[in-house]
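Spelled out from the first residue to the last, the chains are:
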Amino acid sequence: MQTLCPFLYDEDFNLWVESTIELLQQKRFDELDIKNLISEVETMGNNDKKSVKSNLRILLMHLLKWQHQPDKRTNSWRTTIKEHRNRLEDDFANSPSLNNYFLEIFDECYQKARDLASSETGLSVTVFPVQCPFDIHLVIKSDFFPN
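Keep in mind that what you see is a predicted model, and the values were worked out from it rather than measured.

Draft legend 1. A look at the overall build of the protein chain. Looking only at helices and strands, one finds 5 helices and 0 strands in the protein chain. In terms of overall size, the protein chain is more extended than a compact globule, its C-alpha atoms giving a radius of gyration of 21 Å where 147 residues would be expected to give roughly 15 Å. Projected onto its principal axes, the C-alpha positions of the protein chain cover 65 × 25 × 25 Å. Here the protein chain holds 147 residues, and the buried ones make up 34% of them. Side chains of the protein chain give 17 positive and 23 negative charges; the mean places of these two sets differ by 10 Å.

Draft legend 2. Spatial organisation of the side chain of Thr-20. With respect to the helices, strands and loops of the structure, Thr-20 is situated in helix H2 (residues 13–25). Thr-20 sits in the buried class, given a relative accessible area of 5%. Among the polar contacts made by the side chain of Thr-20, one reaches the main-chain carbonyl oxygen of Trp-16 at a distance of 2.8 Å.

Draft legend 3. Representation of the nonpolar core within the structure. Among the nonpolar cores identified, the biggest contains 27 residues, and Val-52, Leu-56, Leu-60, Phe-134 and Val-139 are the most heavily contacted of them. For this core, the secondary structure elements donating two or more residues are helix H3 (34–68), helix H4 (75–94) and helix H5 (98–121). Per-element accounting of this core gives the leading share, 9 residues, to H5. By size, the runner-up hydrophobic cluster in this structure holds 6 residues, among which are Tyr-9, Trp-16, Leu-23 and Leu-32.

Draft legend 4. Representation of H2 in the model. Between its terminal C-alpha atoms H2 stretches 18 Å, which fits the 18 Å expected from 13 residues at 1.5 Å a residue. Turning to H2, its buried residues number three or more, namely Trp-16, Ser-19, Thr-20 and Leu-23. Buried residues of H2 fall within an arc of 105° about the axis and therefore sit on the same side.

Draft legend 5. Structural context of the pattern of salt bridges. In this structure the tally under the stated criterion is 4 salt bridges. Notably, a salt bridge pairs Arg-28 with Glu-31, separated by 2.7 Å at the nearest N-O pair. Lys-53 is paired through a salt bridge with Glu-108; the nearest N and O atoms lie 3.1 Å apart. Of this pair, Lys-53 sits in helix H3 while Glu-108 sits in helix H5, and the two are 55 residues apart along the sequence. Residue class for Glu-108 comes out partly exposed when judged on its relative accessible area of 35%.

Calculation criteria
- Residues numbered from 1 in each chain as written.
- Predicted model: local features only at pLDDT ≥ 70, side-chain atom pairs only at ≥ 80, totals over all residues.
- Heavy atoms only, no water.
- Helix = DSSP H or I, 4+ residues; strand = E, 2+ residues; numbered from the N terminus.
- Rg over C-alpha atoms; globule rule 2.2 N^0.38 Å.
- Buried < 20%, exposed > 50% of the residue type's maximum accessible area, 1.4 Å probe, protein only.
- Lys, Arg positive; Asp, Glu negative; His and termini not counted.
- Charge placed at Lys NZ, Arg CZ, Asp CG, Glu CD.
- Polar contact = N/O pair within 3.5 Å; in protein donor to acceptor, adjacent residues only side chain to side chain.
- Core = buried A, V, L, I, M, F, W, Y, C linked by side-chain atoms within 4.5 Å.
- Expected span 1.5 Å × (residues − 1).
- Arc of directions from axis to C-beta.
- Salt bridge = Lys/Arg side-chain N within 4 Å of Asp/Glu carboxyl O.

Rendered as C-alpha cells:
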C-alpha cells in the first residue's frame, strides 16, 4: 500500500479514499490524513442536508402549482411530486435525524418554493399564501394532493 500523504488527496482522490479505508481497517490511525478526512465527513453531512432542502423546495413548488393551476395538472407533475417524496423518504430512512432538519428548514423552503412557483407559472408571488397552506406532515404523505 502507498503511504497516505495529504497531497494524495489532491492528486488522486480515489486512491486517497482507498488508502484511507485500508488505514482505518488496519487501525493505523496515526497515518491518516485527518484534516481531509474531517473535511470529507463534513461534506457528506452537508450533501445530505442539501438533498433534503432541494427536494423539499421542489416538492412544495409542485404542490403549489398543483393547487393553484388545477386545469394544468399533468401526470408529469404527479410523478415529480411522488419522486421528490421518494427522495425525501430515502434520505430519512438513511438518516432519521434529517427529519429534524426537515422541520427546521420547512418555512425557509416554502418561501423559496413560492418564488419558484411564481416564476414557473407566471402568477404573482402574492397568489401563493405567505404561510404554507399544507400541513407539514401531510406534505410527505404519498397520497396527499391538495385541492
